[in-house]
Amino acid sequence: MQASTYGSVKGNSVFGVQQQRRVLGFGESRRTSAGLRNLCMTHRSAGCGGLRLSSAAMGAKLASLGRGFDGISMTSLKARSVKAQASDGDIENLVPPRTWVKSSGIVLPYVGVACLGAILFGYHLGVVNGALEYLSKDLGIAENVALKGWVVSTLLAGATVGSFTGGTLADKFGRTRTFQFDGIPLTIGAFLCATAQSVEQMIVGRLLAGIGIGISSAIVPLYISEISPTEIRGALGSVNQLFICVGILGALVAGLPLSANPLWWRTMFGIAIVPSVLLALGMAVSPESPRWLLQQGKISEAEKAIKTLYGKERFTEVMHDLTSASHGSAEPEAGWFDLFSSRYWKVVSVGASLFLFQQLAGINAVVYYSTSVFRSAGITSDVAASALVGAANVFGTTIASSLMDRQGRKSLLLISFAGMAASMLLLSLSFTWKVLAPYSGTLAVTGTVLYVLSFSLGAGPVPALLLPEIFASRIRAKAVSLSLGMHWISNFVIGLYFLSFVNKFGISSVYLGFSAVCLLAVLYIAGNVVETKGRSLEEIERALSIAT
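Residues numbered from 1 in each chain as written. Predicted model: local features only at pLDDT ≥ 70, side-chain atom pairs only at ≥ 80, totals over all residues. Heavy atoms only, no water.

**Description of the overall build of the protein chain**
Tallying secondary structure elements over the protein chain gives 21 helices and four strands in all. Accessible area for the protein chain stands at about 21400 Å²; split by element, carbon and sulfur atoms hold 64% of it. (Helix = DSSP H or I, 4+ residues; strand = E, 2+ residues; numbered from the N terminus. Areas by Shrake-Rupley, 256 points an atom, 1.4 Å probe, with all protein chains shown as cover.)

Quick look at the structure:
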């Protein structure tokens, strides 16, 4: 997919502790010294340990869980406390790993339903590539480059609007209800495209489909991160990117009959109606995010969702963790301007920067030029070239999914951008160095495949997974939307000016520029991104909040 912390935690991160301890369960602490009983964590607005109770009813609920607050001190940290420094700025240095209890919960079917949105994301991005030539003839715009450009780019404009809208809808109506709303523009947009008798109808259909995939691009990773068990959240989160790749490949396969049946393009657009309807219907029976339910004070519904997703075995610890979050329902819902406050701006800027680097690293340029590159190596079939690029993307994303919870998010990002920088350099040199001229085709193909593989290992799947992890619960939906908006805006701008840059500077120089951007991304990630693997969303939020 062309469509990917938080410098708030670095070496100065602080857990106010008096002696070494290890964290057990969800927020409990055991001290090695018998003289210490409580661990106190301070925050300028969240009280001790970031814990706030919105009502006596919430306190009664917690008491009924039988866990109490023995591990959290309700007094302020005294001057005797010392600072525990993080050696490399990672969350794991602040919150030690835990052993997870095996549960009987069911989460995979609901992740699968959500990923229908990811499939539609990829499908709508890819479907126009094969169909454009044929629909242009049918709609009488074969010679009008500007109108063809509108048919392509309107989707991106709609996606930008949808990505900003998704966060607000998800906060107000909930994650599953927003998915159901999302089915409306996705279904209507696909229907209008499939039945278009004029270019105006086609553009309106693409706009609605764009709004739909913009909303899904924001809420699919958000929903998956909020319902997934911590120990497999990375693997399930990266499935979002995998299904985007599947959607792109699906669009490629759907276009195969076009050469024999020029009117097949209508069927290609109509196919998207099926997963759109299934997404809305599937979300009608999927559990709501328990985190959102608790924020709304819907405790009984949250308990039911937790038992469904995590199983009865882990109900007590999960409920305790969620209700012990730093910024619970006691705080009012965050507005858009809160994202730019000193409290949140650092982490929000890192999230937006990751998507900016993802796009400025040149993924769209590589995909756009892949067919030309493959032709230079003797591969004349555009379908074969696209299939090879898509297969490399799917393969790399599958590997990333298996490594996400073991290798970690940050290390995969560093490896990914470093590999992309080297691949871009290889592509640039293959076009300019005369000594490499006899091997230029082979080297260009190798560079293209290695670039796509590197992208799919980290730069592709990690940002969308990482953002819901690092954003505090009260800003999570809107912050994810803002970051995805950066993705769509940068995608649109690059698409608008890319060819102009190529014509002015040459493809080799442009590739060299992309390589430099990838190196800058490595430096930025090394200095600003923290590791989040193996930590619950609430642990990450407490650690990042205390460090600010």
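**Section: the environment of Leu414**
Assignment of secondary structure puts Leu414 in helix α16 (residues 409-432). Distance in space between the C-alpha atoms of Leu414 and Tyr524 is 9.6 Å, their sequence separation being 110 residues. In contact with Leu414, other than residues within four places in its own chain, are Val522, Ile525 and Ala526. (Contact = heavy atoms within 4.5 Å.)

**Observations regarding the pattern of salt bridges**
The full count for this structure, using the stated rule, is ten salt bridges. Between Lys137 and Glu133 there is a salt bridge; the shortest N-O distance is 3.9 Å. Taken as a pair, Lys137 and Glu133 lie in helix α3 (residues 108-139) at a separation of four residues, close to a single helical turn. A salt bridge links Glu469 to Arg409; its shortest N-O distance comes to 2.5 Å. Taken as a pair, Glu469 in helix α18 (residues 462-470) and Arg409 in helix α16 lie far apart in primary sequence, 60 residues in all. (Salt bridge = Lys/Arg side-chain N within 4 Å of Asp/Glu carboxyl O.)

**Here's the deal with helix α13 (residues 345-360)**
With 16 residues, α13 extends 22 Å between its outermost C-alpha atoms, agreeing within 8% with the 22 Å of an ideal straight helix rising 1.5 Å per residue. Of all 16 residues that make up α13, twelve are buried, and the element is covered over most of its length. Gly362 occupies a position one or two residues after α13 and carries a positive phi of about 100°. (Expected span 1.5 Å × (residues − 1). Buried < 20%, exposed > 50% of the residue type's maximum accessible area, 1.4 Å probe, protein only.)

**Focus: the packing of aromatic side chains**
Taken as a whole and judged by the stated rule, the model has eight aromatic pairs. Where Phe173 meets Phe181, the ring centres are 5.3 Å apart and the plane angle is 90°; that geometry is what we call edge-to-face. The partly exposed category is assigned to Phe173, whose relative accessible area is 36%. According to the relative accessible area criterion, Phe181 is partly exposed, its value standing at 33%. With 5.7 Å between their ring centres and 80° between their planes, Phe179 and Tyr223 make a pair best called edge-to-face. (Phe/Tyr/Trp six-rings, centres within 6.5 Å; stacked < 30°, edge-to-face > 60°.)

**Comments concerning the packing of α3 against helix α7 (residues 233-254)**
Where α3 meets α7, the axes come as close as 7 Å, and the angle between the chain directions of the two elements is 45°. Regarding the angle of α3 to α7, the classification is oblique. Considering how the two elements wind past one another, α3 and α7 form a crossing that is right-handed. In this structure, α3 contributes Leu108, Val111, Cys115, Ala118, Ile119, Phe121, Gly122, Tyr123, Gly126 and Val127 to the contact, and α7 contributes Leu236, Val239, Asn240, Phe243, Ile244, Gly247, Ile248, Gly250, Ala251 and Ala254. Here the contact of α3 with α7 is built from residues that sort into 15 nonpolar, five polar and no charged. (Axes fitted to C-alpha atoms, helices over the stretch in contact; angles between N-to-C directions. Parallel < 35°, antiparallel > 145°, perpendicular 65-115°, else oblique. Left-handed = near helix turned anticlockwise from the far one by under 90°. Nonpolar A, V, L, I, M, F, W, Y, C, P; charged D, E, K, R; others polar.)

**Comments concerning the packing of helix α4 (residues 145-173) against helix α6 (residues 199-227)**
Packing of α4 against α6 leaves a shortest axis separation of 6 Å and a crossing angle of 35°. By crossing handedness, the relation of α4 to α6 is classed as right-handed. Its residues assigned to classes, the contact of α4 with α6 shows 19 nonpolar, eight polar and one charged.

**Considering a nonpolar patch on the surface**
Where nonpolar side chains cluster on the molecular surface, the patch consists of Ile489, Phe492, Val493, Leu496, Tyr497, Phe501 and Phe505 and spans about 660 Å² of accessible area. With respect to the element layout, Phe492 can be found in helix α19 (residues 476-505). Phe492 sits in the partly exposed class, given a relative accessible area of 32%. (Patch = residues over 30% accessible without salt bridge, like charges linked within 9 Å, V, L, I, M, F, W, Y side chains within 5 Å.)

**Quick notes on the side chain of Arg314**
With respect to the secondary-structure elements, Arg314 resides in the loop between α11 (299-310) and α12 (315-323). One polar contact links Arg314 to Glu231, side chain to side chain, over a distance of 2.7 Å. (Polar contact = N/O pair within 3.5 Å; in protein donor to acceptor, adjacent residues only side chain to side chain.)

**Examining α6**
Its 29 residues give α6 an end-to-end C-alpha distance of 41 Å, which sits within 8% of 42 Å, the value for a rise of 1.5 Å per residue. Most pronounced at Ile219, the bend in α6 amounts to some 25°, and the proline Pro221 follows within four residues. Taken across its 29 residues, α6 has 23 buried, putting it largely inside the fold. (Bend = angle between axes of the 7 residues up to and from the residue.)

**Overview of the side chain of Arg233**
Considering the arrangement of structural elements, one finds Arg233 in helix α7. Among the polar contacts listed, one links the side chain of Arg233 to the side chain of Glu469, at a separation of 2.6 Å.

**Structural notes on the environment of Asn240**
Along the chain, Asn240 falls in helix α7. On the basis of relative accessibility, which here comes to 6%, the residue Asn240 falls in the buried class.

**Focus on the confidence of the model for the protein chain**
Confidence along the protein chain averages 78 in pLDDT terms, with 78% of residues attaining 70 or more. With pLDDT under 50 throughout, residues 1-89 is counted as low confidence; its partners more than four residues away or in other chains account for 225 contacts. (pLDDT = per-residue confidence, 0-100.)

**Examining the environment of Leu354**
Mapping Leu354 onto the fold places it in helix α13. Leu354 gets classed as buried once you look at its relative accessible area, which sits at 1%. Sequence separation of Leu354 and Ala459 is 105 residues, and the distance between their C-alpha atoms is 8.2 Å.

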